[in-house]
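# Topology and contacts: notes
If you want the building blocks of each chain, they are given just below.
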Amino acid sequence: MSSAEGRTAVMSSLLFLLPFLILSPTSSLEFRYHNNREIEQYLHQISSSNPDIAHVYSIGQSVRGQQLWVLVLGLSPRSHTLGIPEFKYVANMHGNEVLGRVLLLQLVDDLVRGYRSNESWSLQLLNSTRIHVLPTMNPDGFDEAGTHCQYSQGRFNHNGVDLNRNFPDAFARLRRPQQPDEEKREAEVRAVIGWLKTETFVLSANLHGGALVASYPYDNSNGGSEQVGGASIAPDDDVFVNLAKVYSHNHGSMHRGGGCDVGATFVDGITNGFLWYPLEGGMQDYNYVWAQCLELTLEISCCKFPPVSELPALWADNRKSLLAFIQQVHLGVKGRVFDGSGVPVQNALVEVKGRKNTCPFRSDRHGEYFRLLLPGTYSFTVTYPGHEVLTETLTVPYGPDRYSAMKHDFLLQRTDANSPPANPTSATPTITPTCNYTLNLEGGSAMATPTWAGLSAALVFAAALRSATD
């Protein structure tokens, strides 16, 4: 198999028209819609045949008890490796939007075969990145799905709930303060929330259908300073726009901005989610606000359930984009935060001037931080109890072409017990946890995950602090 650069769409289409079998370890994956049981078998087969680079695990169950299987690919598939960013793709959140299932299975097949063939594009990705693939978040919905391009059953889960409206929503909670009972959320949503507590994901995308556009946060708004010109602008808007363009411009046609005959045109094939249509309880905002994972929603086909005959061409349209987007996990800067004794610390605030995230980015249980940033010069402030506030200016190069973000460790110094804080009026107040974090110390690389008590007041405080310091 040739490299990503050398393969043309015509060659890909010809190769993929061959009658492949799903479970053959040496042949490519057959182009059709595999049922949930076949997907499970395929993921387990990939894992058992490639234990050095592949591992399968479940993040939970659907309402009807179907396992939500994830395949992870990388040099250390069973556990996190220091310095290696965690990436994820999620598909089939809406059960009748099915192309993502096909594309993610093809992506797995492509990466594994490329790695076994010593192709540089696959070796570089898997040597530098831990890639998690969830082909179906809503297997129950898929079982009930119709095949109409736009109007069919199967969108919701077995309880009739739209999973992309069921996540906790920061903006909604600010308007209607309450204590949501997480146990009453849908099983599939609880599984993803739990997943985000066990891995420090850096970049993610969820694959949908029914349009052709790359959508980015925010999906919702409180009508505050984040709302600009009809859009809801996130602190990392420049990064989100770049990520969306990476996908759309590597796609066969998304970058043209139209093509679905639905009256909507998208410049460069991208859109701010709120500008397109407001959405409460969405997964991409949840990933960004509380899990410090930048996520896009990729609408990858005008037809929600494309005919089987179109699948090879749709894979050819999306293959380069899927690979290029994974590579963007290497934007910006990464490293560890060490305390005054040289010990890596969890929950240190790592903030970038001009980017006041509602929930500040923090170091994980390994003391690691990852910050996706475009090339440029940035002022970082690191805050940790009992230590002096550290401010450093870093010039960040472009990392994806080298498959590694810039590496930089922050070395803190203890505060003199007889002296007042170095700067009590600026950085020190950010020690107040704006999301009222509860630390999860279980699992692979535990996240600082938020509780809901006091969230509304915390958001108001964060907004006031932002206006006072920016």
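Residues numbered from 1 in each chain as written. Predicted model: local features only at pLDDT ≥ 70, side-chain atom pairs only at ≥ 80, totals over all residues. Heavy atoms only, no water.

When helices and strands are counted, the protein shows 12 helices and 19 strands. Buried positions account for 59% of the 470 residues belonging to the protein. The contacts in the protein between residues at least 6 apart in sequence include a share of 75% that link residues at least 24 apart. When the accessible surface of the protein is totalled, it reaches about 18,000 Å², and 53% of it is carbon and sulfur. (Helix = DSSP H or I, 4+ residues; strand = E, 2+ residues; numbered from the N terminus. Buried < 20%, exposed > 50% of the residue type's maximum accessible area, 1.4 Å probe, protein only. Contact = heavy atoms within 4.5 Å. Areas by Shrake-Rupley, 256 points an atom, 1.4 Å probe, with all protein chains shown as cover.)

Where helix α3 (residues 99–116) meets helix α4 (residues 120–128), the axes come as close as 8 Å, and the angle between the chain directions of the two elements is 105 degrees. Taken together, α3 and α4 sit at an angle that is classed as roughly perpendicular. Residues D110, L111, G114 and Y115 of α3 lie in contact with α4, whose contacting residues are W121, S122, L123, L125, L126 and N127. Residue composition of the contact of α3 with α4, grouped by class: six nonpolar, three polar and one charged. (Axes fitted to C-alpha atoms, helices over the stretch in contact; angles between N-to-C directions. Parallel < 35°, antiparallel > 145°, perpendicular 65-115°, else oblique. Nonpolar A, V, L, I, M, F, W, Y, C, P; charged D, E, K, R; others polar.)

With that out of the way, let us pick up the packing of aromatic side chains. For any pair of aromatic rings, the description consists of the separation of the ring centres together with the inter-plane angle of the planes. Counting across every chain of the model gives 15 aromatic pairs. Measuring from centroid to centroid gives 6.0 Å for Y218 and Y288, while their planes differ by 55 degrees, and the two rings are tilted. With Y218 in the loop between β6 (211–216) and β7 (227–228) and Y288 in helix α10 (residues 283–291), this pair connects stretches of sequence that are 70 residues apart. A relative accessible area of 4% places Y218 in the buried class. Looking at Y288, the relative accessible area reads 3%, which means it is buried. (Phe/Tyr/Trp six-rings, centres within 6.5 Å; stacked < 30°, edge-to-face > 60°.)

Attention shifts here to the state of the cysteines. Each disulfide consists of one covalent bond between the sulfur atoms belonging to two cysteines. Tallied over the full model, the rule gives two disulfides. Here C149 pairs with C303 through a disulfide, and the sulfurs are 2.0 Å apart. A torsion of -100 degrees about the S-S bond marks the disulfide between C149 and C303 as left-handed. Of this pair, C149 sits in the loop between α5 (139–144) and α6 (170–175) while C303 sits in the loop between β10 (294–301) and α11 (311–327), and the two are 154 residues apart along the sequence. C303 sits in the buried class, given a relative accessible area of 9%. The partner cysteine of C260 in its disulfide is C302, sulfur to sulfur 2.0 Å. Disulfide C260-C302: the torsion about the S-S bond is -80 degrees, which places it as left-handed. (Disulfide = S-S within 2.5 Å.)

A few words now on the pairing of strand β13 (residues 368–371). Neither face of β13 is open: one carries E368 and F370, the other Y369 and R371, and all of them are buried. Across four bridges, the pairing between strand β11 (residues 333–338) and β13 is antiparallel. Bridged to K334 within β13 is F370. (Pairing = 2+ DSSP bridges.)

Before going further, it helps to examine the sheet that holds strand β5 (residues 201–208). Strand order in the open sheet formed by eight strands is β1-β2-β4-β3-β5-β10-β6-β9, with mixed pairing between adjacent strands. If you trace the sheet from one side to the other, it starts and ends with β1 (54–61) and β9 (270–272), each paired once. Each neighbouring strand pair of the sheet contributes to a mean axis angle of 25 degrees, computed without reference to strand direction. Where β5 and β10 come together, six bridges link them in parallel fashion. If you follow L207 over to β10, its bridge partner there is L298. Against the sheet, helix α8 (residues 237–250) touches β5, β6, β9 and β10, its axis set at about 30 degrees to β10.

Quick look at the side chain of S47 now. When you line up the elements, S47 lands in helix α2 (residues 36–49). S47 sits in the buried class, given a relative accessible area of 11%. Contact partners of S47, with chain neighbours within four places excluded, come to A54, H55, V56 and L71.

For β1 and strand β2 (residues 67–73), the ladder comprises six bridges, and the chain directions are antiparallel. Note that in β2 the partner of Q61 across the bridge is Q67. Remark: five residues form the turn of the hairpin made by β1 and β2, two consecutive strands paired antiparallel; G65 in that turn has positive phi of roughly 85 degrees.

So, on to the confidence of the model for the protein. With 80% of its residues at a pLDDT of 70 or more, the protein shows a mean pLDDT of 85. Note that residues 1–26 has pLDDT below 50 and, in this model, 45 contacts with residues that lie over four places away or in other chains. (pLDDT = per-residue confidence, 0-100.)

Y218 follows P217 through a cis peptide bond whose omega is 0 degrees. Its identity as a non-glycine residue notwithstanding, N118 has a phi of 60 degrees, on the positive side. The residue N118 is located in the loop between α3 and α4 in this model. The exposure class of N118 is exposed, given its relative accessible area of 59%. A positive phi is found at Q292, a non-glycine position, where the angle reads about 45 degrees. By the element assignment, Q292 lies in the loop between α10 and β10.

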